[in-house]
Amino acid sequence: MDAEQLREYGHKMVDFIADYYKTIENFPVLSQVEPGYLRNLLPDSAPNQPDSFQHVLDGEVAQLILEFIRLHIQAKILPGVTHWQSPNYFAYYPSNSSVAGFVGEMLSAGLNIVGFSWIASPAATELEMIVLDWLAKMLKLPEDFLSAGQGGGVIQGTASEAVLVVLLAARDKVLRRVGKDALEKLVVYASDQTHSSLQKACQIAGIHPENCRLLKATSSTNYALSPEFLSETISQDLTIGLIPFFLCATVGTTSSTAVDPLLSLGKIAKSNGMWFHVDAAYAGSACVCPEFRHYMDGVEEADSFNMNAHKWFLTNFDCSALWVKDRSALVQALSTNPEYLKNKKMADSKPAKTWFLMYSGKLAKLVASQANMVVDYKDWQVPLGRRFRSLKLWMVLRLYGLENLQCYIRNHIKLAKHFENLIAQDPRFEVVTPRIFSLVCFRLLPVRDNESHGNKLNHQLLDAVNSTGSTFISHTVLSGKYILRFAVGAPLTEEKHVNAAWKVLQDKATSLLAESL
Ligand code: PLP
């Protein structure tokens, strides 16, 4: 790493990224390339020599990076990019970027540490603990989730990893109680609106495929899991000798932002000795606002809680915050202690305090991991290595502060309400489920009540809108109906972008309806 080269490349690359944000609306928000487009543009194998090695030898580093940006990034990569940071991006859920998140990510890349244990970079572990305590307090999580007690927070890459690690912790906890041969009797419960990452976690954890109960949620509960249905199903499973052990509830489902009733579900989980996980990957961010916090009521019953700061909280991907009440459950399921990671050897019999007294300075620090005096985050996750992700979250919390973050969320929700009002004024459309946060689920009404034609029509509308490149929305299916999803949450989105997207939707609807007459 040549410091001067870094300075020049870094400045040029930051200039390029800043220009990209300035001109982001000039790109088609959804990439319009065909599959395999890049194969035709790049050689079959990597070059033996750098492209313009002579430039480096001549000290023309700036020239080299500029050429690289022009010849490769602008010409070959950008056409194949779907612009998640575009203000015209309304698909799936947002994945926010911000100046604070960006420079935090930059610093993390610059330091490039691998903080698997405390000693591998004490600042990385300690900042992560502190920042997750801060965020837990912002969300008014119960104190049991804070690091001062038996619990604590950890940054996972994604919500999928979060649900996997807590499922593994719960599985091993119950197997220690009932015996490890009972694996095939273990049952997991959730609604059929739960993110597919739970199903993937069950596959990885060896849960029998038939024992992953995805209970049907209907429009009668606005697609929330019914506690009565859950209780009945658990009772039936118990009578045939199965072992209920894990319940996953969601605050803000992916399809329609349904909110499961945490309090009643949590009580059912508790009375059956089950682990209760709450997935608030998207909507957790909104719960830092007092007026939305009630959607998390009942979280006191949970064993674990997850929200993605990388979705709607201005923290660049990836940053998924997970809290547990009992960190030892995670550690028991996931820890290994190979020789090559051990710190200073010490006799097991001596209490940690004695060792601290015996060793001073550096050595005292070296024994800390083994004396269980510190957190070793390698034991809270699947991989060993881990990035310094807390830097970007810390910078977001410090540089924006709670009040600005609340305003940010409220503004998106206001824009989503505005979109909802626009739909209400056009009798050809309907809002399908009540809007709770910043997602609006809507559709073009079927002509002459023909539902199957309605599904085709909305599919065509989605394709027509997205192929313009001027806006990007996505879809889901609820109770057999093809639904369009309009998720407001990109940092640069303003009312004019919402209006422009609505205009495209209306125009395309007019053409499609004329064709279908
Ligand atoms: N849970 C919910 C409610 C989600 O909406 C999503 C993604 O949108 C996930 C989990 C999975 O997120 P990740 O990509 O972080 O694994």
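Residues numbered from 1 in each chain as written. Predicted model: local features only at pLDDT ≥ 70, side-chain atom pairs only at ≥ 80, totals over all residues. Heavy atoms only, no water.

Under an unreviewed UniProt entry, the name given to the protein is Tyrosine decarboxylase, and the organism recorded is Gossypium harknessii. In UniProt, the protein has this text filed under Cofactor (unreviewed entry): "pyridoxal 5'-phosphate". (UniProt positions renumbered as here; feature names shortened; annotations may be inferred.)

> When you look at unusual backbone geometry in this model, what are you seeing that I'm missing?
Peptide bonds are, in most cases, trans, and in most cases residues other than glycine have a negative phi. Geometrically, the link from Phe317 to Asp318 is a cis peptide bond, its omega value of 10° lying close to zero. Although it is not a glycine, Lys140 adopts a positive phi angle of roughly 55°. Among the structural elements, Lys140 can be located in the loop between helix H5 (122-138) and strand E1 (152-156). For Lys140, a relative accessible area of 57% corresponds to the exposed category. Located in the positive-phi region is Tyr223, a residue other than glycine, with phi close to 65°. Position of Tyr223 relative to the elements: it lies in the loop between strand E3 (212-215) and helix H8 (227-239). (Helix = DSSP H or I, 4+ residues; strand = E, 2+ residues; numbered from the N terminus. Buried < 20%, exposed > 50% of the residue type's maximum accessible area, 1.4 Å probe, protein only.)

> Would you mind showing me how to read the domain arrangement of the protein here?
The accessible area lost on association of the parts is a frequent measure of interface size. As far as domains go, the protein holds domain 1 (3-105), domain 2 (142-340 + 374-397) and domain 3 (402-515). On a C-alpha basis, the centres of domain 1 and domain 2 stand 36 Å from each other. Buried area between domain 1 and domain 2, both sides added, is near 1,200 Å², and the carbon and sulfur share of it is 54%. For domain 1, the biggest contributors to the area lost against domain 2 are Tyr93, Asn96 and Glu105; these three give 51% of the whole. Connecting domain 1 to domain 2 are two salt bridges. On inspection of domain 1 and its partner domain 2, the count reaches 11 residue pairs in polar contact (both at pLDDT 80 or more). Of the residues assigned to the side of domain 1 that touches domain 2, the class counts are five nonpolar, six polar and one charged. (Domains from an automatic or database assignment. Buried area = accessible area lost by both parts, 1.4 Å probe. Salt bridge = Lys/Arg side-chain N within 4 Å of Asp/Glu carboxyl O. Polar contact = N/O pair within 3.5 Å; in protein donor to acceptor, adjacent residues only side chain to side chain. Nonpolar A, V, L, I, M, F, W, Y, C, P; charged D, E, K, R; others polar.)

> Which parts of the structure should I look at to understand the packing of aromatic side chains?
Aromatic ring pairs: the centre-centre distance and the angle between the two ring planes describe each pair. One pass over the structure, following the stated rule, counts 20 aromatic pairs. Aromatic pair Phe419 and Phe442: ring centres 5.3 Å apart, planes at 75°, arrangement edge-to-face. Taken as a pair, Phe419 in helix H14 (residues 390-424) and Phe442 in strand E9 (residues 439-444) lie far apart in primary sequence, 23 residues in all. A relative accessible area of 0% places Phe419 in the buried class. You can call Phe442 buried: its relative accessible area is 0%. Between Phe429 and Phe442, the aromatic rings sit 6.2 Å apart at their centres with planes inclined by 40°, giving tilted as the arrangement. Of this pair, Phe429 sits in strand E8 (residues 429-431) while Phe442 sits in strand E9, and the two are 13 residues apart along the sequence. Following the ring pairs from residue to residue traces out a cluster consisting of Phe90, Phe419, Phe429, Phe442, Phe486 and Trp502. (Phe/Tyr/Trp six-rings, centres within 6.5 Å; stacked < 30°, edge-to-face > 60°.)

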